[in-house]
Amino acid sequence: MSCNTVSVNKLLKTTDIVADSKPYFYLQTKWLEDQIMIKLQDSQTNQCYTGSVTIEQMKEAASELNIPYNEYYQECRLALTTYIALPGCSYKLDEEDNAFKVWKSELGSIPMLYMEIPLKSMRNHYDILDTAVEELHNQNKALSERVEKAHKFDEHSRELLDDYRLCVEEKNNLERRLLRKVAVLLNTKKQKIAELEERLSKYENVEGSKGVDGNDVTIDEDDGDSHDSGPEISRKRRKQIIESETEDEEEYNANTEPLTVPESVM
């Protein structure tokens, strides 16, 4: 829960009244850490009052109503800072008890006293008005600061948008330049590949013609060997015959030993 805050509102006493002129409370509430202070003015009597209730008293009231304190605190705060009475709630200024009372009733149930704040009269009828004017001034100041921040933000946003547009334009120009360079490079590569393919085709044609000429020469050499093989074989055979005759002649002309006849034969 937030503390040390001030609110000023025009509070309708009840939603059950059907009339052209409806009763209001001009209510100022100040929420502190240890208590809640109020100032109110009745639109019917123009009487002004001030009062307060401590946090301990609110805790006791929540305990008597069997309601968690945080829930009770938030509901009381909403009841005192709204502009129209909450459903089932009515507000009453009890002059006999000098208290500001909030009554609450569920559908089909008896109204119960939900909150009570002791009051005392005050003579300064302009205190609430001064507070309201001050609050309006503070709100106007806060609104002016927000508007100024919004203008600065818009200006900064426009600068960022201009920078973004420049960046996009530079990026597009860079992409176009790169695409032109890539196109030139691709065309150069294609031309180089075409030249290499043409040179390769010429080289293959030259190699094919050389291969045909080499086969013809080989065939001629083989034919020459086949023609010369007959005389060469005859010469080899003639040489072998001469060598054989020479060996026979050498064996025939070799020295002989005398023949010895055994004695038994004689």
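Parameters at a glance
- Residues numbered from 1 in each chain as written.
- Predicted model: local features only at pLDDT ≥ 70, side-chain atom pairs only at ≥ 80, totals over all residues.
- Heavy atoms only, no water.
- UniProt positions renumbered as here; feature names shortened; annotations may be inferred.
- Helix = DSSP H or I, 4+ residues; strand = E, 2+ residues; numbered from the N terminus.
- Phe/Tyr/Trp six-rings, centres within 6.5 Å; stacked < 30°, edge-to-face > 60°.
- Buried < 20%, exposed > 50% of the residue type's maximum accessible area, 1.4 Å probe, protein only.
- Contact = heavy atoms within 4.5 Å.
- Disulfide = S-S within 2.5 Å.
- Expected span 1.5 Å × (residues − 1).
- Arc of directions from axis to C-beta.
- Core = buried A, V, L, I, M, F, W, Y, C linked by side-chain atoms within 4.5 Å.
- Salt bridge = Lys/Arg side-chain N within 4 Å of Asp/Glu carboxyl O.
- Pairing = 2+ DSSP bridges.
- Axes fitted to C-alpha atoms, helices over the stretch in contact; angles between N-to-C directions.

S.K.: Could you give me a rundown of the UniProt feature "coiled-coil region" (unreviewed entry) in the protein, with the residues and numbers involved?
M.R.: When the UniProt feature table is mapped onto this chain, "coiled-coil region" (unreviewed entry) is found at residues 179-206. The span residues 179-206 shows a helical share of 100% and a strand share of 0%, and its end C-alpha atoms are spaced 41 Å apart.

S.K.: Could you give an account of the packing of aromatic side chains, with specific residues and numbers?
M.R.: In this structure the tally under the stated criterion is five aromatic pairs. The interplanar angle of 50 degrees and the centroid separation of 5.2 Å between the aromatic rings of Tyr 72 and Tyr 114 together place this pair among those described as tilted. With Tyr 72 in helix 2 (residues 69-81) and Tyr 114 in strand 7 (residues 112-122), this residue pair connects regions lying 42 residues apart in the sequence. Look at Tyr 72 and you get buried, because its relative accessible area is 2%. For Tyr 114, a relative accessible area of 5% corresponds to the buried category.

S.K.: Describe the environment of Met 58, listing the residues and the values that go with them.
M.R.: Of note, Met 58 is situated in helix 1 (residues 55-64). Owing to a relative accessible area of 2%, Met 58 belongs among the buried residues under this scheme. Spatially, the C-alpha atoms of Met 58 and Glu 116 are 9.3 Å apart, while their sequence positions differ by 58 residues. In this view, Met 58 contacts Ile 36, Val 53, Tyr 69, Tyr 72, Tyr 73, Cys 76 and Met 115; residues no more than four positions away in its chain are not counted.

S.K.: Which residues make up the state of the cysteines, and what values do they have?
M.R.: Scanning all chains against the criterion turns up zero disulfides. Here Cys 89 stays free of any disulfide, with the sulfur of Cys 76 as its closest cysteine sulfur at 9.0 Å. Given a relative accessible area of 8%, Cys 89 falls into the buried group.

S.K.: Outline helix 2, listing residues and values.
M.R.: End to end, helix 2 covers 18 Å across 13 residues, agreeing with the expected 18 Å (1.5 Å per residue, within 8%). Residues of helix 2 that are buried include every one of Tyr 69, Tyr 72, Tyr 73, Cys 76, Arg 77, Ala 79 and Leu 80, and no others. With its buried residues spanning 160 degrees around the axis, helix 2 presents them on a single face.

S.K.: Give a detailed account of the nonpolar core, specifying residues and quantitative values.
M.R.: If you look at the biggest cluster of nonpolar residues, it comprises 31 residues, and the most contacted ones within it are Leu 40, Met 58, Tyr 72, Tyr 91, Phe 100 and Met 115. At the level of elements, strand 2 (24-31), strand 3 (35-42), strand 4 (48-54), helix 1, helix 2, strand 5 (89-94), strand 6 (99-104) and strand 7 are the ones that each hand at least two residues to this core. Residue contributions to this core peak at six residues, all from helix 2. Not counting residues up to four positions away in its chain, the partners in contact with Tyr 72 are Met 58, Ala 61, Ala 62, Leu 65, Ile 67, Tyr 114 and Met 115.

S.K.: Requested: an account of the pattern of salt bridges, with residues and values cited.
M.R.: Scanning the entire structure with this criterion turns up six salt bridges. The partner of Lys 104 in a salt bridge is Glu 75, and the shortest N-O contact between them spans 2.2 Å. Residue Lys 104 is located in strand 6, and its partner Glu 75 is located in helix 2; the two are separated by 29 residues in the primary sequence. On the basis of relative accessibility, which here comes to 13%, the residue Lys 104 falls in the buried class. Note on Glu 75: relative accessible area 22%, which makes it partly exposed. In this structure, Asp 97 engages Lys 101 in a salt bridge whose closest nitrogen and oxygen atoms are separated by 2.8 Å. The class of Lys 101 is buried, set by a relative accessible area of 8%. Because the salt bridges share partners, they merge into one network encompassing Asp 94, Asp 97 and Lys 101.

S.K.: For unusual backbone geometry, give the residues involved together with the corresponding values.
M.R.: Positive phi values are uncommon outside glycine, yet Asn 66 reaches one of about 55 degrees. Tracing the backbone shows Asn 66 in the loop between helix 1 and helix 2. Overall, Asn 66 belongs to the exposed group, its relative accessible area being 69%.

S.K.: Describe the sheet that holds strand 3, with residues and values.
M.R.: Judged by pairing direction, the sheet is antiparallel, and its seven strands sit side by side in the order 1-2-3-4-7-6-5 without closing on themselves. The sheet is open, and its two borders are formed by strand 1 (5-12) and strand 5, each paired with just one other strand. In this sheet, adjacent strand axes meet at a mean angle of 25 degrees when their direction is disregarded. Relative to strand 7, strand 6 runs antiparallel, the two being bridged by six bridges. Bridge pairing in strand 7 places Lys 101 opposite Glu 116. Those strands touched by helix 1 are strand 3, strand 4 and strand 7, and its axis lies near 70 degrees from that of strand 4. Here helix 2 sits on the sheet and contacts strand 1, strand 2, strand 3, strand 5, strand 6 and strand 7; the angle it forms with strand 2, its principal contact strand, is near 135 degrees.

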